[in-house]
Amino acid sequence: MENEKNTVAPAEHRAGFVNIVGNPNVGKSTLMNDLVGERISIITNKAQTTRHRIMGIVNTPDYQIVYSDTPGVLKPKYRLQESMLEFSEGALTDADILLYVTDVVEDPEKNTDFLARVAKENIPVLLVINKVDLLKNNEQLEDLVTDWKRRLPNAEIFPTSATEKFNVDNLKARIVDLLPVAPPYFGKDALTDKPARFFVTEIIREKLLQNYDKEIPYSTEVVVEKFDEKENAIHIMAVIYVERDSQKGIIIGKGGDKIKKVGIESRLDIEKFFDKKVFLEIFVKVEKDWRNRENKLRQFGYID
């Protein structure tokens with residue numbers, strides 16, 4: 001239960017929900033981590049890294065910003081992706097400020113239906129053109145800005161590079177300016193709405209995305225079955241679910257070499273995240289066609 005003093009705020013305290021949306025692989029998660037100042041969302045160079053809506057909370061005595069990272073907008077091919085799209089579409093309905101993230105290489109014609117909905121928003125929309133460090137000259141940036149002004153005429157445009165942290169401070173300052181007067185929505189010591197187990201599953205999923213090719217990492221789900229935290233150490237038992245027996249063999253690797261590598265890399269990052277010694281056990285199980293099964297998606301937290 002939160003301490004009541006955490007929810008008491010001065011009359012001019014400001015607070016709001018800042019939701020980050022956009023197509024896959026434009027750098028939403030990197031930007032989210034930059035804005036929060038902590039590693040909340042996992043980052044890989046592959047699309048569809050983010051599956052859930054993840055909140056990162058920034059607190060000062062004067063304001064509270066609740067950022068939400070969302071899955072990239074895509075045309076769903078299976079039930080899991082339908083759920084991911086619902087997380088993104090839901091972010092349009094409860095935002096005080098909307099960050100629409102694009103980059104300098106993506107096709108602006110991608111997912112025009114979603115973009116049309118963003119254009120109709122009555123709340124402040126900040127258009128982030130990410131990865132500007134990849135441009136060769138200012139003329140290219142000017143052309144992009146002109147094009148996006150036509151597509152989102154009511155948006156304020158922020159050319160940025162999340163990886164280089166270019167113009168991120170100016171974006172932060174503008175977000176603070178736009179926050180409505182409101183009491184905090186979460187305790188002033190809160191960093192996220194997710195439990196500790198969630199970040200263990202995300203770190204292991206990140207290692208799966210980094211260590212396996214093609215469809216394999218997208219066919220996996222991670223569940224933490226044991227999280228036993230003591231003062232100086234945490235004992236974790238996690239299960240990686242796959243859809244087919246052949247995928248289980250690929251995940252484990254010859255003589256268990258692949259799963260051992262995933263385990264070592266995951267343990268090191270989990271130790272860094274919690275600042276404690278971690279004992280990690282990982283098992284692999286087959287759950288056929290789980291991405292299209294409502295009961296499994298509910299169990300894994302994709303459907304309420």
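Residues numbered from 1 in each chain as written. Predicted model: local features only at pLDDT ≥ 70, side-chain atom pairs only at ≥ 80, totals over all residues. Heavy atoms only, no water.

(A) Seen up close, the pairing of strand E2 (residues 54-59). Within E2, five of the six residues are buried, which leaves the element mostly enclosed by the surrounding structure. Note that E2 and strand E3 (residues 63-69) share six bridges and pair antiparallel. Directly across from Gly56, in E3, lies its bridge partner Tyr67. Where E2 folds back onto E3 in an antiparallel hairpin, the turn is made up of three residues. (Buried < 20%, exposed > 50% of the residue type's maximum accessible area, 1.4 Å probe, protein only. Helix = DSSP H or I, 4+ residues; strand = E, 2+ residues; numbered from the N terminus. Pairing = 2+ DSSP bridges.)

(B) Up close: the side chain of Arg151. Inspection of the secondary structure assignment puts Arg151 in helix H4 (residues 138-151). Its relative accessible area of 18% is what places Arg151 among the buried residues. Within the local environment of Arg151, its side chain forms a polar contact with the side chain of Asp147, the two groups lying 3.1 Å apart. For Arg151, the residues in contact, after removing those within four places along its chain, are Pro108, Glu109, Leu115 and Ala119. (Polar contact = N/O pair within 3.5 Å; in protein donor to acceptor, adjacent residues only side chain to side chain. Contact = heavy atoms within 4.5 Å.)

(C) Geometry of the pairing of strand E1 (residues 14-22). The element E1 is extensively covered by neighbouring structure, given that eight of its nine residues are classed as buried. Judged from the seven bridges that link them, E1 and E3 form a sheet pairing that is parallel. In the sheet register, Ile20 faces E3, and the bridge partner there is Asp69. Examined bridge by bridge, E1 and strand E4 (residues 97-103) share five bridges and lie parallel to one another. Its bridge partner being in E4, Asn19 is matched across the sheet by Leu98.

(D) Local environment of the nonpolar core. Ranked by size, the top nonpolar core spans 27 residues in total, and within it Leu31, Leu35, Ile65, Tyr67, Leu99, Leu171 and Ile175 carry the most contacts. Counting residues per element, the ones that place at least two in this core are E1, helix H1 (28-36), E2, E3, E4, strand E5 (125-130), helix H5 (168-178) and helix H6 (196-211). If near-sequence neighbours (up to four positions away) are discounted, Tyr67 is found in contact with Val18, Ile20, Met32, Leu35, Val36, Ile54, Met55, Gly56, Val58 and Ile175. Core analysis: the second largest hydrophobic core is formed by 24 residues, Val118, Val132, Leu141 and Ala155 among them. (Core = buried A, V, L, I, M, F, W, Y, C linked by side-chain atoms within 4.5 Å.)

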